[in-house]
Amino acid sequence: QAQLVESGGGLVQAGGSLRLSCAASGRTFNSHAMGWFRQAPGKEREFVGAISWSGGSTYYVDSVKGRFTISRDNAKNTVTLQMNSLKPEDTAVYYCAAKYGAISSARREYGWWGQGTQVNVSS
């Protein structure tokens, strides 16, 4: 059974950094695009960024460009979200997800999801 498990969330002060990891098990996702989404209380789940199967292409929502970086290690079946210069508005549950084919920001296209990890940024 394919599974994605996020880790690395926690509490950090504004301006700080966190590194989230997503580990895949049960199958490899080396041919899948991987995405990160987040959901703040009372809000819909939103796209944060994604990386192509090869790692050669990335795409980010404007609000995190220049602050967040997605990378992947296909040999280890892991994806990482490095978050710098964090802001209180980045507070949310962060989810990793996988999809066949090319990068997409469309939540409905992602067929595998992790359970999420909480990120809290204090002001």
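The coordinates are above.
Keep in mind that this is a model prediction, so the values were computed, not measured.

Draft legend 1. How the structure looks around the sheet that holds strand β1 (residues 3-7). The strand order across the open sheet built from 4 strands is β1-β3-β8-β7, with neighbouring strands paired in antiparallel fashion. With one partner strand each, in any of the chains shown, β1 and β7 (68-73) form the two edges of the open sheet. Adjacent strand axes in the sheet meet at a mean angle of 15°, parallel and antiparallel pairs treated alike. With 5 bridges joining them, β1 and strand β3 (residues 18-25) adopt antiparallel strand pairing. The residue of β3 that forms the bridge with Q3 is S25.

Draft legend 2. Quick peek at the nonpolar core. Counting 26 residues, the largest nonpolar core has L4, M34, W36, F68, L81, M83 and Y94 as the members making the most contacts within it. When residues of this core are traced back to their parent elements, those giving at least two are β3, β4 (32-39), β5 (46-51), β7, β8 (78-83), β9 (92-100) and β11 (117-122). Filtering out sequence-adjacent residues up to four positions away, L4 remains in contact with C22, A23, A24, F29, M34, C96, A97, A98, W112, W113, G114 and Q115. Within the second largest apolar cluster, 5 residues are counted, among which are F37, F47, A97 and Y110.

Draft legend 3. The packing of aromatic side chains, seen in detail. Enumeration according to the criterion identifies 7 aromatic pairs in this entry. Centroid distance F37 to Y110: 5.1 Å. Interplanar angle 80°. Geometry classified as edge-to-face. Of this pair, F37 sits in strand β4 while Y110 is found in the loop between β9 and β10 (112-113), placing the two residues 73 residues apart along the sequence. Overall, Y110 belongs to the buried group, its relative accessible area being 4%. Ring centres of F47 and Y59 lie 5.6 Å apart, and the angle between their planes is 25°; on these two criteria the pair is classed as stacked. Separated by 12 residues along the polypeptide, F47 in strand β5 and Y59 in strand β6 (residues 58-60) bring together distant segments of the chain. A connected cluster of aromatic rings, assembled from ring pairs, spans F37, F47, Y59, Y110 and W113. The ring of F29 carries R27 above its face, with NZ or CZ at 5.4 Å from the centroid. Over the face of the ring belonging to Y95 we find R45, whose NZ or CZ atom lies 3.6 Å from the ring centre.

Draft legend 4. Main features of unusual backbone geometry. In this structure, N77 takes a positive phi of about 60° despite not being glycine. By the secondary structure assignment, N77 is in the loop between β7 and β8. Positive phi outside glycine occurs at S85, with the angle close to 50°. Along the polypeptide, S85 turns up in the loop between β8 and β9.

Calculation rules
- Residues numbered from 1 in each chain as written.
- Predicted model: local features only at pLDDT ≥ 70, side-chain atom pairs only at ≥ 80, totals over all residues.
- Heavy atoms only, no water.
- Pairing = 2+ DSSP bridges.
- Helix = DSSP H or I, 4+ residues; strand = E, 2+ residues; numbered from the N terminus.
- Axes fitted to C-alpha atoms, helices over the stretch in contact; angles between N-to-C directions.
- Core = buried A, V, L, I, M, F, W, Y, C linked by side-chain atoms within 4.5 Å.
- Buried < 20%, exposed > 50% of the residue type's maximum accessible area, 1.4 Å probe, protein only.
- Contact = heavy atoms within 4.5 Å.
- Phe/Tyr/Trp six-rings, centres within 6.5 Å; stacked < 30°, edge-to-face > 60°.
- Lys NZ or Arg CZ within 6 Å of the ring centre and 35° of its normal.

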